[in-house]
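Each chain, written out:
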Amino acid sequence: MKRLLSAFLIGVSCSCLVSQEKFSDQIKVKEDLSEILRNISQNYIYLEDKSVDLDCIKAHYEKQIPFIKTEEQTVLFFEYLLDEFYDSHLILNTNRRSSYRLYSPIYVTIKEQKPIISNVWISQTENPYQNVVGAEVLKINGIDINRAMEDFPTHCHNKNSLAVREWIVNKILAGRYNKPRVITIKMPGNKPVEIDLDKITIKAEKGLLTSSIENEIGIIRINNSLGNNNLISTFDKALDKMMDTKGLIIDLRNTVDGGNSYVARGIMGRFISETKPYQKHWTIEQFDEKTSVERTWLEYVSPRKQQYKQPVVILVGRWTGSMGEGLAIGFEGIERAQIVGTEMERLAGEMTGFTFKNQPFGYRLSTAKLYHINGTPREEYIPTNYVEQATTDEDLVLIKGIEMISEMQQ
């Protein structure tokens, strides 16, 4: 009897301990929820541009806390919260197998209420599907695409908004890391077909850049390395071998993860002979809940080493992200390059990292808006030499860039 009683007491004790730990974890999540909402309200520079109700977010996500049972669910809880702002620059600095990827090898635009494939990442894929530009996306994994958009795990923004729907459908196509991405598409006049996005092979680049000289034109392709400070010296070595070329193409269509301004300024410095502004910043400062004061400043780039003086063309596309976008508008701002391509990734703002009190991971918020020196918001910039992607059979952007170098030499 004593043994039974002891076993019972031990079981009750363990059960209480588990309940206490669970309650403690919920309290910690609630504290971190309050903290992230406070930081968003005080620091997220695009908050007034977004049709998102913070009271709705607070109420909805507080109700979800009792259902959080695992560490992965905690990560998803905060991931979905940031997704409420339909801003791909707002991310956690961690993910889990059930997290959504950040991008897909195709990009969809909403046209006449239909999701249409407008871009394919042909510059970075070894085996892109043919004849899919212009196709309507009907389903993903057998689920009607409109139903999938409605079921996307956000609750406090207007899913009827064109901007929100376009962001969500591309997030759905990016897909979860642990789920397939089989989409059903239909070209005008043809029958629906299925394509598996996971069978598209993304090129694995070994170096920070690749370079070549073709018909006296230098071509430097940045391999998603704008965040690696070693890129500057690597770029210098490649450019030094191209000083006698008749023109230079810098391909930024694989800078999807962005980078930093140190690297960007190091690259631009090789193309000017005097210090010039290349980017405008704007934010609002407020201390101790006192008066809000606007702050605006220009960021400059200074000349560095031997100047390359021949014509330069920058290639951009939907997978040109963050500092890649800044580098493109910077080159145009210092009047040292023509920009060729499509819309870029449209990652808005200058990022600042934040930490949670109780979680081992943090997150990023846009705390300052960024502009072309002509006043155009970086995320709204459209290349001066726009090239609509009409096919996956040819690299029309690269062809246009080569043509422009030849024209500028005449």
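Residues numbered from 1 in each chain as written. Predicted model: local features only at pLDDT ≥ 70, side-chain atom pairs only at ≥ 80, totals over all residues. Heavy atoms only, no water.

Enquirer: I'd like to hear about the side chain of Gln26, residue by residue, with values.
Expert: Along the polypeptide, Gln26 turns up in helix H1 (residues 2-43). There is a polar contact of 3.5 Å between the side chain of Gln26 and the backbone oxygen of Pro66. Not counting the four nearest positions on each side in its chain, Gln26 is found in contact with Ile65 and Pro66. (Helix = DSSP H or I, 4+ residues; strand = E, 2+ residues; numbered from the N terminus. Polar contact = N/O pair within 3.5 Å; in protein donor to acceptor, adjacent residues only side chain to side chain. Contact = heavy atoms within 4.5 Å.)

Enquirer: Give me empty space enclosed by the protein: which residues, what numbers.
Expert: This structure, assessed with the given rule, holds one cavity of 30 Å³ or more. Of the volumes computed, that of the largest cavity is approximately 180 Å³. Along the walls of the largest cavity sit 18 residues, with Val120, Ile122, Arg253, Gln389 and Val397 positioned nearest its centre. In terms of residue class, the lining of the largest cavity is built from eight nonpolar, five polar and five charged. (1 Å grid on protein atoms, 1.4 Å probe; cavity = no way out; pocket = protein on both sides within 12 Å on 5 of 7 lines; lining within 4 Å. Points joined across faces, edges and corners; volume = space filled by probe spheres on them. Nonpolar A, V, L, I, M, F, W, Y, C, P; charged D, E, K, R; others polar.)

Enquirer: Help me get a handle on the nonpolar core, residues and values and all.
Expert: Grouped together as the largest cluster of nonpolar side chains are 61 residues, with contacts concentrated most on Ile36, Ile40, Leu81, Leu82, Phe85 and Ile117. A total of seven residues in this core trace back to one element, the largest contributor, which is helix H3 (residues 71-83). Counting 36 residues, the second largest nonpolar core, distinct from the first, contains Ala238, Ile250, Val263 and Ile339. (Core = buried A, V, L, I, M, F, W, Y, C linked by side-chain atoms within 4.5 Å. Buried < 20%, exposed > 50% of the residue type's maximum accessible area, 1.4 Å probe, protein only.)

Enquirer: Tell me about the state of the cysteines, and please be specific about residues and values.
Expert: Under the defined criterion, the tally for this structure stands at one disulfide. The disulfide partner of Cys56 is Cys156, and the S-S distance across this bridge is 2.1 Å. A torsion of -80° about the S-S bond marks the disulfide between Cys56 and Cys156 as left-handed. Separated by 100 residues along the polypeptide, Cys56 in helix H2 (residues 54-64) and Cys156 in the loop between helix H4 (145-151) and helix H5 (162-174) bring together distant segments of the chain. Looking at Cys56, the relative accessible area reads 26%, which means it is partly exposed. (Disulfide = S-S within 2.5 Å.)

Enquirer: Lay out the layout of surface pockets in plain terms, naming residues and giving numbers.
Expert: Here the largest pocket is characterised by a volume of approximately 800 Å³. In terms of lining residues, the largest pocket is bounded by 28 residues, among which Tyr86, Tyr107, Trp167, Glu345 and Arg346 are the most central. Contributing elements (two or more residues each) for the lining of the largest pocket: strand S1 (106-111) and H5. Approximately 610 Å³ is the volume attributed to the second largest pocket. Breaking the lining of the second largest pocket down by element, the ones donating at least two residues are H1, strand S10 (276-285) and strand S15 (362-371). Looking at which element gives the most residues to the lining of the second largest pocket, the answer is S10, with four residues.

Enquirer: I'd like to hear about unusual backbone geometry, residue by residue, with values.
Expert: Even without a glycine there, the phi angle at Gln113 is positive, about 70°. Here Gln113 lies in the loop between S1 and strand S2 (114-120). On the accessibility criterion, Gln113 (59% relative accessible area) is exposed. In this structure, Asn224 is a non-glycine residue whose phi angle is positive, near 50°. Within the secondary structure, Asn224 is located in the loop between strand S8 (217-222) and helix H6 (231-240).

Enquirer: Provide a residue-level description of the packing of aromatic side chains, including the pertinent values.
Expert: As enumerated under the stated definition, the model contains 16 aromatic pairs in all. Seen in terms of ring centroids, Phe78 and Phe356 are 4.6 Å apart; in terms of plane orientation they differ by 45°. Their pairing is tilted. Remark: Phe356 occurs in the loop between strand S14 (350-355) and S15 and Phe78 occurs in helix H3; sequence separation between them is 278 residues. The exposure classification of Phe78 matches that of Phe356, with both residues buried. For the pair Phe78 and Phe361, a centre-to-centre distance of 6.4 Å together with 65° between the ring planes defines the contact as edge-to-face. You can see Phe78 sitting in helix H3 and its partner Phe361 sitting in the loop between S14 and S15, a full 283 residues away along the chain. With relative accessibility at 0%, the residue Phe78 sits in the buried group. With a relative accessible area of 6%, Phe361 lands in the buried category. By the ring-pair criterion, three or more aromatic residues cluster together here, those being Tyr61, Phe77, Phe78, Phe354, Phe356, Phe361 and Tyr363. (Phe/Tyr/Trp six-rings, centres within 6.5 Å; stacked < 30°, edge-to-face > 60°.)

Enquirer: Please set out the sheet that holds strand S13 (residues 338-341) residue by residue, giving values where relevant.
Expert: Taken together, the six strands give an open sheet; going across it, the order is S7-S8-S9-S12-S13-S16, and neighbouring strands pair in mixed fashion. The open sheet is flanked by strand S7 (209-214) and strand S16 (385-386), the only strands paired with a single partner. Direction of pairing for strand S12 (residues 312-316) relative to S13: parallel, over a ladder of four bridges. Bridge assignment links Ile314 to a residue of S13, and that residue is Ile339. Where helix H8 (residues 323-333) meets the sheet, its contacts fall on strand S9 (247-251), S12 and S13, and the angle it forms with S12 comes to roughly 150°. (Pairing = 2+ DSSP bridges. Axes fitted to C-alpha atoms, helices over the stretch in contact; angles between N-to-C directions.)

Enquirer: Outline the pattern of salt bridges, listing residues and values.
Expert: Across all of its chains, the model carries 19 salt bridges by this definition. We note a salt bridge from Glu31 to Lys357, for which the minimum N-O separation is 3.9 Å. Of the two residues, Glu31 sits in helix H1 while Lys357 sits in the loop between S14 and S15, which places them 326 residues apart along the sequence. Between Arg221 and Glu205 there is a salt bridge, with the nearest N and O atoms lying 3.0 Å from each other. Taken as a pair, Arg221 in strand S8 and Glu205 in the loop between strand S6 (193-196) and S7 lie far apart in primary sequence, 16 residues in all. Residue Arg221 is classed as buried on the basis of its relative accessible area, which comes to 12%. Where salt bridges share partners, they join Glu205, Arg221, Asp251, Arg253 and Asp395 into one cluster. (Salt bridge = Lys/Arg side-chain N within 4 Å of Asp/Glu carboxyl O.)

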